[in-house]
Amino acid sequence: MRQLIDEAMRRFADQRTAADGWLAPRLHATLRLTRAEAADSRLWNHLALLVAPDYVVWRHKGTETVSTARFSGAHYTQTFSRLWWAAELFRDGADYRPVETACRVQDVLNTTLRLDVIDHRPTALAIVQIVDRLIASATPRPGDHVNALSSAVNTAGSTLVYDVLAPDPGGDGEALLEWIAEAQDAPAVPWERVPDGPDDGRVSSRSVDVLVTLFEKLLAEAPRRQRRAAH
């Protein structure tokens, strides 16, 4: 982890927010955890307070007063926890590329990651597809659109059952546990290409497409409130 963190600071010295998309999948592939293990805040507190407090300060200095929540806070706020959960929730089986896309717009980490509905894999990947389209079309202030979409998806999710509209059997738990068990013998994650995650099953493209269509309609109707970009 220390080598990985040092490399992130070296590579992204002039664009600290871009470190998130590089580090998130590699942190996830290095710390092979179950969700239950990742829910234990003591691990993330240890990383932030003892292993790499310098990274916490480096990553957030200049964009905000570094709050204690970046060292020891909720899973969507704590510096390392939010990267692990972003990689876990936005990956498509072994494919971490959607994670890189999600991390390109900071409001995905700051807002979307807080939503309960993001645990539904087709929902997470549908949001990533819309984020990718916003980026590809050079949409001004994409974070405002992401925040509007997150609010609309969360509100609609209180009356619409996404797992009925877009069924998802969930990942293969045995494959995940096998991937975790192989951790001691696994080589260090590559720096020049995206690593491979656990091969525990891809998300149904049909389910994702259904939600992309729905979410595009929600976004078109959602009010957008401009605000200063969060980091």
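To be clear, the structure that these remarks concern was listed above.
None of these values were measured; they are calculated from a predicted model. Just so you know, the residues in each chain are numbered from 1, in the order the chain's sequence is written. The predicted origin of the model limits local features to residues at a pLDDT of at least 70 and limits the giving and counting of side-chain atom pairs to 80 or more, whereas totals for whole chains, interfaces and linings rest on all residues. Each side-chain value is worked out from all heavy atoms of the structure, with water and hydrogens disregarded.

Visitor: So what's going on with the pattern of salt bridges? Residues and values would help.
Guide: For this document, the term salt bridge refers to a Lys or Arg side-chain nitrogen within 4 Å of an Asp or Glu carboxyl oxygen. Scanning the model with the defined rule gives 17 salt bridges in all. A salt bridge links arginine 82 to aspartate 20, with the shortest nitrogen-to-oxygen separation between them at 3.1 Å. Of this pair, arginine 82 sits in helix α6 (residues 79-90) while aspartate 20 sits in helix α2 (residues 19-30), placing them 62 residues apart in sequence. Just as arginine 82 is buried, aspartate 20 falls in that class too. Each of Glu7, Arg10, Arg11 and Glu192 takes part in salt bridges that share partners, so that together they form one network. Strands here mean DSSP runs of E at least two residues long; helices mean DSSP runs of H or I at least four residues long; both are numbered from the N terminus. With a 1.4 Å probe rolled over the protein chains alone, any residue whose accessible area is under 20% of its type maximum counts as buried; one over 50% counts as exposed, and the rest are partly exposed.

Visitor: Provide a residue-level description of helix α10 (residues 142-156), including the pertinent values.
Guide: Take the residue count of a helix, subtract one, and multiply by 1.5 Å to get its expected span. A rise of 1.5 Å per residue sets the reference length of α10, with its 15 residues, at 21 Å; its end C-alpha atoms lie 21 Å apart and thus fit the reference within 8%. For α10, a buried count of 11 out of 15 residues is recorded, marking the element as mostly surrounded by other parts of the structure. Buried within α10 are the following residues: Gly143, Asp144, His145, Val146, Asn147, Ala148, Leu149, Ser150, Ala152, Val153 and Ala156. We call two residues in contact whenever any of their non-hydrogen atoms come within 4.5 Å of each other. Contact partners of the buried residues in α10: α8 (106-110), α9 (121-136), α11 (162-165) and α13 (205-221).

Visitor: Residues and numbers for the packing of helix α1 (residues 2-11) against α2, please.
Guide: Relative to each other, α1 and α2 sit at 170°, their axes nearing to 11 Å. In terms of orientation, α1 lies roughly antiparallel with respect to α2. Contacts between α1 and α2 involve Leu4, Glu7, Ala8 and Arg11 from the former and Trp22, Leu23, Arg26, Leu27 and Thr30 from the latter. Note on residue categories: nonpolar means Ala, Val, Leu, Ile, Met, Phe, Trp, Tyr, Cys or Pro, charged means Asp, Glu, Lys or Arg, and polar means any other residue, Gly included. Classifying every residue of the contact of α1 with α2 by side-chain character gives five nonpolar, one polar and three charged. All axes here are fitted lines through C-alpha atoms, helices being fitted over the stretch that makes contact, and every angle between N-to-C directions spans 0 to 180 degrees. Every angle not falling under 35 degrees, over 145, or within 65 to 115 is termed oblique; those three ranges are roughly parallel, roughly antiparallel and roughly perpendicular.

Visitor: Give a description of helix α5 (residues 53-60) that names residues and reports values.
Guide: Residues of α5 that are buried include every one of Tyr55, Val56, Trp58, Arg59 and His60, and no others. Considering only its buried residues, α5 is in contact with α1, α2, α4 (41-51), α6 and α8. Where α5 terminates, the next one or two residues include glycine 62, which has phi positive at roughly 85°.

Visitor: Outline the nonpolar core, listing residues and values.
Guide: With 69 residues, the main nonpolar core has Trp44, Tyr55, Phe80, Phe90, Tyr162 and Phe215 as its most contacted residues. In contact with phenylalanine 215, other than residues within four places in its own chain, are Thr123, Ala126, Ile127, Ile130, Leu149, Val153 and Tyr162. For the purposes of this section, nonpolar cores are sets of buried Ala, Val, Leu, Ile, Met, Phe, Trp, Tyr and Cys residues that join through side-chain atoms within 4.5 Å.

Visitor: Residues and numbers for the packing of aromatic side chains, please.
Guide: What counts as a ring pair is set by centres within 6.5 Å for rings of Phe, Tyr and Trp (its six-membered ring), and what kind of pair is set by the plane angle: stacked under 30 degrees, edge-to-face over 60, tilted for all other angles. Taken as a whole and assessed by the stated rule, the structure comprises six aromatic pairs. Pairwise contacts between aromatic rings join Trp44, Trp84 and Trp85 into one cluster.

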